Amino acid sequence: MRTALPIALALAVAVLAALLLPRLLELFALINATVFVSMALLALSLGLVWGFGGILCFGQTAFFGLGAYSYAIAAINFGDSTAAVPIALAMPTLLALGLGYLMFYGRISDVYMGVITLTTTLILNKFTNSTAGDEWRIGSAPLGGFNGIPGTPPLNVPFHPDIPLDPEQVFDVAVICLALCYAVAKLVLRSRFGRVAMAIRENEVRAELLGYDVRLHKLGLFALGGAMAGLAGVLFANCVFVSPTMFSLSYAGQVIIWVLVGGLGTLVGPVIGAILVQLLTTYAGTLPDLDPNLLLGVLFMLAVVIVPLGLLPTAQAVLPRLRRRVPA
Amino acid sequence: MDYAIVVALQIATGVATLVIISLGLAVVFGMMRVINLAHGEFLMLGGYSALLARGAGVNLWVALLVVPPLAVGLVGAIVERLLIRRLYGRMIDTMLATWGLSLALIGGVNMVFGNSISGFSAPLGSFVVGRFHVASYDMFLVVAAVVLSLAIWAVLRLTPAGLLARGTMQNPEMAAALGVAPERVYAVTFAAGAALSGLAGGLIAPVAGVVPTMGTAYIAKAFIAVITGGAAMLAGTLVASGLLGTVATAVTFLSTPVFGEVALLAVAIVLLRLLPRGITGRFLRRAL
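Residues numbered from 1 in each chain as written. Chains lettered and ligands numbered in written order. Predicted model: local features only at pLDDT ≥ 70, side-chain atom pairs only at ≥ 80, totals over all residues.

Chemist: Please explain the overall build of chain A as it appears in this structure.
Modeler: Of regular secondary structure, chain A possesses 13 helices and two strands. At 20 Å, chain A has a C-alpha radius of gyration in line with the 20 Å of a compact globule built from 328 residues. Each principal axis of the C-alpha atoms in chain A carries an extent, and together these give about 65 × 50 × 45 Å. Per-residue burial for chain A yields a buried fraction of 48% across its 328 residues. Long-range contacts, defined here as pairs at least 24 residues apart, represent 75% of the contacts in chain A between residues at least 6 apart. (Helix = DSSP H or I, 4+ residues; strand = E, 2+ residues; numbered from the N terminus. Rg over C-alpha atoms; globule rule 2.2 N^0.38 Å. Buried ≥ 20, exposed ≤ 12 C-beta atoms within 10 Å, placed from the backbone. Contact = placed C-beta atoms within 7 Å.)

Structural data, given as structure tokens:
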């Protein structure tokens, strides 16, 4: 029950959003909403890996960007997004497996793990930035260097490349993907595998002495997170376009902020954090005479000092206390 | 022959730049376990303070070498008092808060000075090696890196203040029991680290160009050099900078600057795989 209820709720909210929002929002706002959903999914993937696996990954955007690039390149080459999506999930998963093998089987610990993942995403950033010019193309897809791949083909109805999805349908797909990923994460965490992963987060040495293979569990969770981030990249590529910015330091930092603002150690928290922070960023961008970075920066500092646990855990701690004060 | 000399000089410059931009971060991270993501913006503030001082007619060398550490040291002291002090021992929170600080500083400076590149022309001119001209300021950077490293070593190893700082870092409770106030030591250390970052900003201003976002170009490199160095902050940062800077500059000569940077990052990953505790986790353990 403790798993079934949240999953049912998440799916209900997703279906509701998929039905209502396309009617309520204008096209531009709807595309923006799809971007937010893709970012929420990225935050969810980091929330899973970091909050439940204790894996400090500064470079979740490496999988996000790689998923988007793989999708764009495959979709351009095939002229059909049906096979591009599985490829876009497989590539980041493979990267996560490789990187995870290097880190977990090399017994590299927290800060160093952060540096390696961050470094990976920066390498991809530098590399994609330098791929301008005609010699850099995969099949018929030019990599485009700093400009990225502007004409990323939209998703189409599976096996019908002549019927592309319109932005409303892309939004629906995105919201459903987010809800499904949430459900997958919830189920995984409930399974034996997930419980062991959480035990490892709590006390790695003890879990190992009890006979669990710490490395394998971390690797599994890391790969799952990588696949989810890749899916987020596909959704992002569908409404913006693919560019090296996806691998940049500022994106890598933002994901961490989303998770921390929403609440580390929860799954819904990162989703809420991502959407709130993005709404705020968009709003700050419209203010005259005020640099959005200044506003955001000050808010983050205040957030760390005032709600260090993140919004969701703080709310969970505060609300019952308030309710008790009100006599029933 | 002259080509080889020029390459060697460029490598020395690359390493020296890496050392200069990493030292401030190394002091703060190595001594206090605080990851200061606003380190790049401290560099940027150093650059702007030099620019302002120069604009006010201050002597060029004073503007580059004296004003930035004083100005940014002061900023560091204020930041420590208002922000860092509340977060000691919470590494991730400090990271988030200093990332916020970094954004706020970029935004603030952008509002005041605008998003345009200003700069100095590098002083000292150039000298001739065979068929090539080499900027003398590059050699000045090499000397500056050596002098700075020696100065930090001397302060930590030879002065009573350095002894107090090292003792407090090793065991704050014991230091407190012996009558040292750890908060004051932390405050001074953070301000000193900020001053070093500011000085670095002044030093690289003539070669880098001063923009509000200049810090982001350096923070990742500095961070990686410090972490790859490992526990012994000074020796680690120097060795790591030496290795990474050499690889980056050599690859830059062989292909393009982009692949130089990629090589730097790739070597850092391989190094950490082979030496999971950083270079000084295995070698030079007793060093400072």
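Chemist: Before we go on, may I ask you to explain the overall build of chain B in this structure?
Modeler: For chain B, the helix and strand inventory stands at 13 helices and two strands. Its C-alpha radius of gyration of 19 Å places chain B within 12% of the 19 Å reference for a compact globule of 288 residues. If one aligns the C-alpha atoms of chain B with their principal axes, the spans along those axes are about 65 × 45 × 35 Å. Expressed as a percentage of its 288 residues, the buried residues of chain B come to 50%. Considering only residue pairs separated by 6 or more positions, chain B has 75% of its internal contacts joining residues 24 or more positions apart.

Chemist: Would you mind going over the environment of B:Ile227 with me for this structure?
Modeler: Its location among the elements puts B:Ile227 in helix H10 (residues 216-229). Residue B:Ile227 is classed as buried on the basis of its 26 C-beta neighbours within 10 Å. Counting along the chain gives 82 residues from B:Ile227 to B:Ala145, while the straight-line C-alpha distance between them is 19 Å. Discounting residues that sit within four places of it in the chain, B:Ile227 has contacts with A:Val111, A:Tyr112, A:Val115 and B:Gly278.

Chemist: I keep staring at the nonpolar core and nothing clicks. Help me out?
Modeler: Among the nonpolar cores identified, the biggest contains 198 residues, and A:Leu41, A:Ala43, A:Leu44 and B:Ile20 are the most heavily contacted of them. For this core, the leading source of residues is helix H9 (residues 214-239) of chain A, giving 15 residues. With sequence-adjacent residues up to four places away left out, A:Leu44 is seen in contact with A:Cys181, A:Tyr182, A:Ala185, A:Met228, A:Leu267, A:Pro270 and A:Val271. (Core = buried A, V, L, I, M, F, W, Y, C linked by C-beta atoms within 7 Å.)

Chemist: Which parts of the structure should I look at to understand the packing of helix H6 (residues 167-190) of chain A against H9(A)?
Modeler: Helix-helix packing: each pair is described by the crossing angle between the helix axes and the interaxial distance. Residues and elements named next belong to chain A. Running from N to C, H6 and H9 cross one another at 170 degrees; their axes reach a closest spacing of 11 Å. Classified by the interaxial angle, the pair formed by H6 and H9 is roughly antiparallel. Contact residues: Val170, Ala174, Cys177, Cys181 and Val188 in H6; Leu224, Met228, Leu231, Leu235, Asn238 and Cys239 in H9. (Axes fitted to C-alpha atoms, helices over the stretch in contact; angles between N-to-C directions. Parallel < 35°, antiparallel > 145°, perpendicular 65-115°, else oblique.)

Chemist: Please explain the interface of chain B and chain A as it appears in this structure.
Modeler: Interfaces are often sized by the amount of accessible area the parts lose when they come together. Contacts between the two partners involve 33 residues from chain B and, on the opposite side, 33 residues from chain A. For the side of chain B that touches chain A, the secondary structure elements donating two or more residues are helix H5 (91-113), H10 and helix H12 (257-274) of chain B. A per-element tally of the side of chain B that touches chain A places H5(B) first, with 14 residues.

Chemist: What is the right way to look at the packing of helix H5 (residues 110-129) of chain A against H12(B) in this model?
Modeler: Axis separation between H5(A) and H12(B) bottoms out at 9 Å; the angle between their running directions is 155 degrees. By the criterion of interaxial angle, the relationship of H5(A) to H12(B) is roughly antiparallel. The handedness of the crossing between H5(A) and H12(B) comes out as left-handed. Contacts between H5(A) and H12(B) involve A:Tyr112, A:Val115, A:Ile116, A:Thr119, A:Leu122, A:Ile123, A:Lys126, A:Phe127 and A:Asn129 from the first element and B:Val258, B:Glu261, B:Val262, B:Leu265, B:Ala266, B:Ala268, B:Ile269 and B:Leu272 from the second. For the contact of H5(A) with H12(B), the residue count by class is 13 nonpolar, two polar and two charged. (Left-handed = near helix turned anticlockwise from the far one by under 90°. Nonpolar A, V, L, I, M, F, W, Y, C, P; charged D, E, K, R; others polar.)

Chemist: Would you mind showing me how to read the pairing of strand S2 (residues 132-135) of chain B here?
Modeler: In regular strands, side chains alternate between the two faces of the sheet. Where strand S1 (residues 126-129) of chain B meets S2(B), four bridges bridge the pair, whose relative direction is antiparallel. What sits directly across from B:Val128, in S2(B), is B:His133. (Pairing = 2+ DSSP bridges.)

Chemist: Whenever I open this one, unusual backbone geometry confuses me. Can you help?
Modeler: If you check the backbone angles, A:Phe159 has positive phi at about 65 degrees while not being a glycine. The backbone phi angle of B:Arg33 is positive, close to 55 degrees, even though this residue is not glycine. One can find B:Arg33 in the loop between helix H1 (2-32) and helix H2 (39-55).

Chemist: How should I be thinking about H5(B) in this particular structure?
Modeler: For an α-helix, the turn length of 3.6 residues means that residues three or four places apart are oriented alike. Relative to the 33 Å expected for 23 residues at 1.5 Å per residue, H5(B) spans 32 Å between its end C-alpha atoms, a close match to the ideal helical length. Taken from the residues just after H5(B), B:Gly114 is the one with a positive phi, measuring 80 degrees. (Expected span 1.5 Å × (residues − 1).)

Chemist: Can you help me understand H6(A) in this one?
Modeler: Residue and element names in this part refer to chain A. Under the 1.5 Å per step criterion, the end-to-end length of H6 is 35 Å for 24 residues, consistent within 8% with the ideal 34 Å. By the burial criterion, the buried members of H6 are Val170, Phe171, Ala174, Val175, Leu178, Ala179, Cys181, Tyr182, Ala185 and Lys186. Where H6 is buried, its residues touch helix H1 (4-24), helix H2 (27-51) and H9.

Chemist: Where do I start with the confidence of the model for chain B in this structure?
Modeler: The predicted coordinates ought not to be read in detail in places where the model reports low pLDDT. Summing up the model confidence of chain B, the mean pLDDT is 86 and the portion of residues at 70 or higher is 100%. Helix H4 (residues 67-82) of chain B holds the highest mean pLDDT among the elements of chain B, 92, whereas helix H13 (residues 279-282) of chain B holds the lowest, 76. (pLDDT = per-residue confidence, 0-100.)

Chemist: Looking at this model, I keep getting lost on the environment of A:Asp166. Mind explaining?
Modeler: All names here are of chain A. Within the element layout of this structure, Asp166 appears in the loop between strand S2 (141-142) and H6. Here Asp166 falls in the exposed class, since 11 other C-beta atoms lie within 10 Å of it. Sequence spacing of Asp166 and Ala284 is 118 residues, and the spatial spacing of their C-alpha atoms is 29 Å.

Chemist: Looking at this structure, I do not really get the environment of A:Gly133. What am I missing?
Modeler: Position of A:Gly133 relative to the elements: it lies in the loop between H5 and strand S1 (137-138). Put simply, A:Gly133 and A:Trp50 are 83 residues apart on the chain and 38 Å apart in space, counted from C-alpha to C-alpha.

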